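Chain by chain, the residues run as shown.
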Amino acid sequence: MATLVKPASPDPNQPDLFGREASPPPRPVYTTPVWSVPPSQKTPPVSPYVAPPEAPAPVKRRPLVAPPNDQAPRRQLMVGGFILEYELRRSTRRSIGFMIDDEGLRVTAPKRVNIAEIDEAIRTKQHWILSKLKERRERRAARLEKPPVEWIDGAQLPYLGMDISLRLLVGGRNRSIYNPNTHELWMTLVPGASENLLKERVKAWYQQQAKELFEQRLDLYAGRLGVQYHSFGLSSAGTRWGSCTADRKIRLNWKLIHFSLPLIDYVVAHELSHILEMNHSQQFWDTVGLIYPEYEEAKNLLRKRSQELPVLFA
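A brief look at the structure comes next. Bear in mind that the values here come from a model prediction, so they are computed numbers and not experimental data.

### Regarding the pairing of strand β8 (residues 175-179)
Pairing of β8 with strand β9 (residues 184-189), which is carried by 5 bridges, proceeds in the antiparallel orientation. By the bridge assignment for β9, Y178 is matched with L185. Between β8 and β9, which pair antiparallel one after the other, the connecting turn spans 4 residues, and H183 there sits at a positive phi close to 55 degrees.

Here it is in structure tokens:
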């Protein structure tokens, strides 16, 4: 990760942005029969955790092999009294681009540009870069301070800008059912299922909802903008909400499903606009504004909402 070190209910027609200590051992989930809750009882009784029997698995030793080093090179530069580390990527783009996320500063430069020119471009933008890195560190620290979700019956989960209730049952097979009227996500798991399995089932449900909804919004706003995208896929990036390649392949972060529909639409509008403008020039933002006039407000709101999310899948 890049570091700075001192020397020694939304409108469906509204369009939408783009972009430790060891974990405790998994706890098994409820293993008692399905609850039958009397109408007068507000919450079901809490079932005890009962660990399923474990049989030692045979260990097959294999020689250690170092993973391939396919990461982009990292460089260091003295900027404003600090040693700034950044990741350098080469591309066919015509200008030097800067991207800041939880991994730090990433610089993308044309192959024809030499290192001295890249370093000079960084120094020219140093005030913006240092302020954004500080802001990113503060936001990341604020997220890490939030307590993680406790995976129990009645837990509150973010979905489309609201909180829904997680309800746990035990049955003969794993199953997920969402009731939009009561805002409850019912998860049926086999006896002895672990907490990790529960989390994976919830994540899979989120991703399925994201895939279906994002495809609908992409088709809607591609028609409004008069463009066609080549393909669409989900991403799991840490902080980048979307991307669009020169060959019109769009990826959207599945975690957008936590936010309200207008914010999802903002990301959709942003990435579709890159089909016409592969940059962030004023002409690009004018293109976004054709189908999402309030893009500036949405960008700020998405940043704010992302800081408020609870820790779900740390």
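### Thoughts on the packing of helix α4 (residues 261-273) against helix α5 (residues 282-291)
Between two packed helices, both the angle of their axes relative to each other and the distance between the axes serve to describe the pair. Two elements in contact, α4 and α5, have axes separated by 9 Å at closest approach and are oriented at 135 degrees. Classified by the angle their axes make, α4 and α5 are oblique. Classified by chirality, the crossing of α5 by α4 is right-handed. Residue-level inspection shows Y266, A269, H270 and S273 of α4 in contact with α5, the latter providing F284, W285, T287, V288 and I291.

### Thoughts on α5
By the burial criterion, the buried members of α5 are F284, W285, T287, V288 and I291. All buried residues of α5 lie within an arc of 155 degrees about the axis, which places them on one face of the element. Opposite the buried face of α5, by more than 90 degrees, sit the exposed residues Q282 and L290. Check the buried side of α5 and you find it contacts α3 (195-225), α4 and α6 (295-308).

### A closer look at the sheet that holds strand β12 (residues 249-253)
Across a sheet, paired strands are connected by hydrogen bonds in the backbone, their directions being either parallel or antiparallel. Taken in spatial order, the 3 strands line up as β10-β12-β11 in an open sheet, and their pairing is mixed. A strand with exactly one partner marks an edge of an open sheet, and here the two such strands are β10 (231-235) and β11 (242-244). With direction set aside, neighbouring strand axes in the sheet form an average angle of 15 degrees. In this structure, β11 lies alongside β12, joined through 3 bridges in antiparallel fashion. Note that in β12 the partner of S243 across the bridge is R251. Docked against the sheet, α3 engages β10 and β12, running at close to 145 degrees with respect to β10. On top of the sheet, α4 reaches β11 and β12; it is set at about 155 degrees to β12, its chief contact.

### Thoughts on the pattern of salt bridges
Following the criterion strictly, the structure yields 10 salt bridges and no others. Salt-bridge contacts for R74 lead to E85; the nearest nitrogen and oxygen are separated by 3.4 Å. Placement of R74 in strand β2 (residues 74-79) and of E85 in strand β3 (residues 82-91) is noted, with a sequence separation of 11 residues between them. We classify R74 as partly exposed; its relative accessible area is 35%. Residues K304 and E308 are paired through a salt bridge, measuring 2.6 Å at the closest nitrogen-oxygen approach. Of the two residues, K304 and E308 both sit in helix α6, 4 residues apart, roughly one turn of that helix. Assessed through its relative accessible area of 39%, E308 is described here as partly exposed. One salt-bridge network, held together by shared partners, links R74, E85, E87 and R89.

### With respect to the packing of aromatic side chains
According to the stated counting rule, one finds 13 aromatic pairs in the structure shown. A centroid spacing of 5.7 Å and a plane angle of 35 degrees characterise the contact between W151 and F313, whose relative ring orientation is tilted. With W151 in the loop between α2 (126-145) and β6 (156-159) and F313 in the segment after α6, this residue pair connects regions lying 162 residues apart in the sequence. What makes W151 buried here is its relative accessible area of 3%. Judged by its relative accessible area of 24%, F313 falls in the partly exposed class. Considering the side-chain rings of F284 and W285, the 5.0 Å spacing of their centres and the 75 degrees angle between planes classify their relative orientation as edge-to-face. Residue F284 shares its accessibility class with W285, and that shared class is buried. Here K125 stacks its cationic end above the ring of W128, 4.7 Å away from the centre of that ring.

How each quantity is defined
Residues numbered from 1 in each chain as written. Predicted model: local features only at pLDDT ≥ 70, side-chain atom pairs only at ≥ 80, totals over all residues. Heavy atoms only, no water. Pairing = 2+ DSSP bridges. Helix = DSSP H or I, 4+ residues; strand = E, 2+ residues; numbered from the N terminus. Axes fitted to C-alpha atoms, helices over the stretch in contact; angles between N-to-C directions. Parallel < 35°, antiparallel > 145°, perpendicular 65-115°, else oblique. Left-handed = near helix turned anticlockwise from the far one by under 90°. Contact = heavy atoms within 4.5 Å. Buried < 20%, exposed > 50% of the residue type's maximum accessible area, 1.4 Å probe, protein only. Arc of directions from axis to C-beta. Salt bridge = Lys/Arg side-chain N within 4 Å of Asp/Glu carboxyl O. Phe/Tyr/Trp six-rings, centres within 6.5 Å; stacked < 30°, edge-to-face > 60°. Lys NZ or Arg CZ within 6 Å of the ring centre and 35° of its normal.

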